[in-house]
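The primary structure of each chain is shown beneath.
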Amino acid sequence: MSASAVIVRGEERVETALQLETAAVETRDRMVSFVGEVVSGLTLARQRENALLYLRGLIEQGGRKSLQPTLFRLEQPPARYESMQQFLADSPWEPELLIRACAERVAPELGVTAWVVDDTGIAKDGKHSPGVKRQYSGTLGKVGNCQITVSLHAVGERGTLPLGWSLYLPEEWCSDGERRRKAKIPDEVGFQTKPQLAAELCERAAGFEIPQAPILADCAYGDDSRLRRRLDALEHEYLLAVSAQLSVYGPETTFAVPSRTGTVGRPRSVARPDRGPESVRTLSERLPAQAWQTLPCRTTPQGEQVCGRFAFVRVVATHPVRNDHQPPRWEWLIIEWPAGQQAPTNYWLANLAEDEPRERLARLARLRWTIELDYRQLKGELGLDHYEGRSYLGFHHHTALVTCAHAFLTEERLRPRARRPV
């Protein structure tokens, strides 16, 4: 290689390094601006400073994202550790302030098509972290010592975004005053099931100025008739997976209020079915061949259409009518039965309109899986599962700051890139 060629290549390397350094500075400036806007609801300047520092650690630094190693990598003095620990564990700022600010800024850019409810397990050692116990976690795929947090996410054509987090507290935690005190669990926080936590997250997010969308969840939530009824009463659309054993009244069922048999007592007011219920699997097995149709239900990242074999039936869920004496409410039962399989593989109940296009129902049914990609980034890149504190409020502060980091990276990905000179 000639001397002139070596010089040219050396100049190119220097130019590339300068471009990378300039891009890094510009990204840092945008991050500072982003954080400044989304944490503007924090009243104290030190809170805003600590939020920026914590987010820098989540976004910029590799390795474990727990507080002490993060501050070490950021070359912060030891005194800063105490300030940051107080900011996370005890400072009385509302996590929802940050989550809402991020949602209202980023969600409108995503082309939101659904809200997805799910939960994830966070493996833990010991027994002092709030909510920790040996319990089943789908994330772990087994019973393990872990915390479980319920979350709500906006899913769109151009990305995803967390809309809220709620740590699940088992009943033994809620009734143990000493453990509550040590974990700084507020007095007003009592035991709630995961579906109850999910409903509260949906209600809270409905108050944000963001696009509303049908709510999706797996059968751990869809099997809960109270959750479905609560969402419907709040006028939230939903499409929730249910178990094969879930009992329904089929489309042939007629409901009528029985006549009073005597002259004593109140007139009857609750409609009763003219036949018994059946499981959704039994119903699916008696459907005629013409009830099944093949529809596109998913588009791959390469743009290819993936199809599935579905049936759509109007049904009334049994439990609210028979056990809770509620009036019948017709819903969509969506069934997926792939060709060649001996039985259906998936079932969903939905309260979307009776004239809803079948393809949209099928696509919504198959959309929930995208949330796994969200959890992968939140844990693998942003340290969702790295919080080591033992404070209930601190856990929710951490998830709010992780949400901010996720929102910034999503905004960066969506930001138009300037064209490079030819």
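Residues numbered from 1 in each chain as written. Predicted model: local features only at pLDDT ≥ 70, side-chain atom pairs only at ≥ 80, totals over all residues. Heavy atoms only, no water.

Caption draft 1: Geometry of the overall build of the protein chain. Within the protein chain one finds 15 helices and 14 strands. Along the first, second and third principal axes, the C-alpha atoms of the protein chain reach 100 × 60 × 40 Å. Taking all 422 residues of the protein chain together, the buried fraction comes to 46%. Taking the contacts inside the protein chain whose residues are at least 6 apart along the sequence as the reference set, 65% of them involve residues at least 24 apart. Of the roughly 21700 Å² of accessible surface on the protein chain, 50% is carried by carbon and sulfur atoms. Averaging the positions of the 55 positive and the 54 negative side-chain charges in the protein chain gives two centres separated by 4 Å. (Helix = DSSP H or I, 4+ residues; strand = E, 2+ residues; numbered from the N terminus. Buried < 20%, exposed > 50% of the residue type's maximum accessible area, 1.4 Å probe, protein only. Contact = heavy atoms within 4.5 Å. Areas by Shrake-Rupley, 256 points an atom, 1.4 Å probe, with all protein chains shown as cover. Lys, Arg positive; Asp, Glu negative; His and termini not counted. Charge placed at Lys NZ, Arg CZ, Asp CG, Glu CD.)

Caption draft 2: Examining the nonpolar core more closely. Membership of the largest hydrophobic core comes to 98 residues, with the highest contact counts inside it found for W115, V117, L239, I334 and L401. It is helix α15 (residues 392-414) that contributes the most residues to this core, 9 residues altogether. The residues touching L239, leaving out its near neighbours within four places in the chain, are I215, L216, A217, I334, W348, L349, A350, L361, L364 and A365. If you look at the next biggest cluster of nonpolar residues, it comprises 16 residues, including L283, A311, I335 and Y347. (Core = buried A, V, L, I, M, F, W, Y, C linked by side-chain atoms within 4.5 Å.)

Caption draft 3: A look at the pairing of strand β12 (residues 305-317). Relative to β12, strand β7 (residues 247-249) is paired through 2 bridges, and the arrangement is antiparallel. Residue pairing across strands places V248 opposite A317, the latter belonging to β12. Following strand β11 (residues 293-299), the chain reverses through 5 residues before pairing antiparallel with β12; G303 in that reversal takes a positive phi of roughly 90°. (Pairing = 2+ DSSP bridges.)

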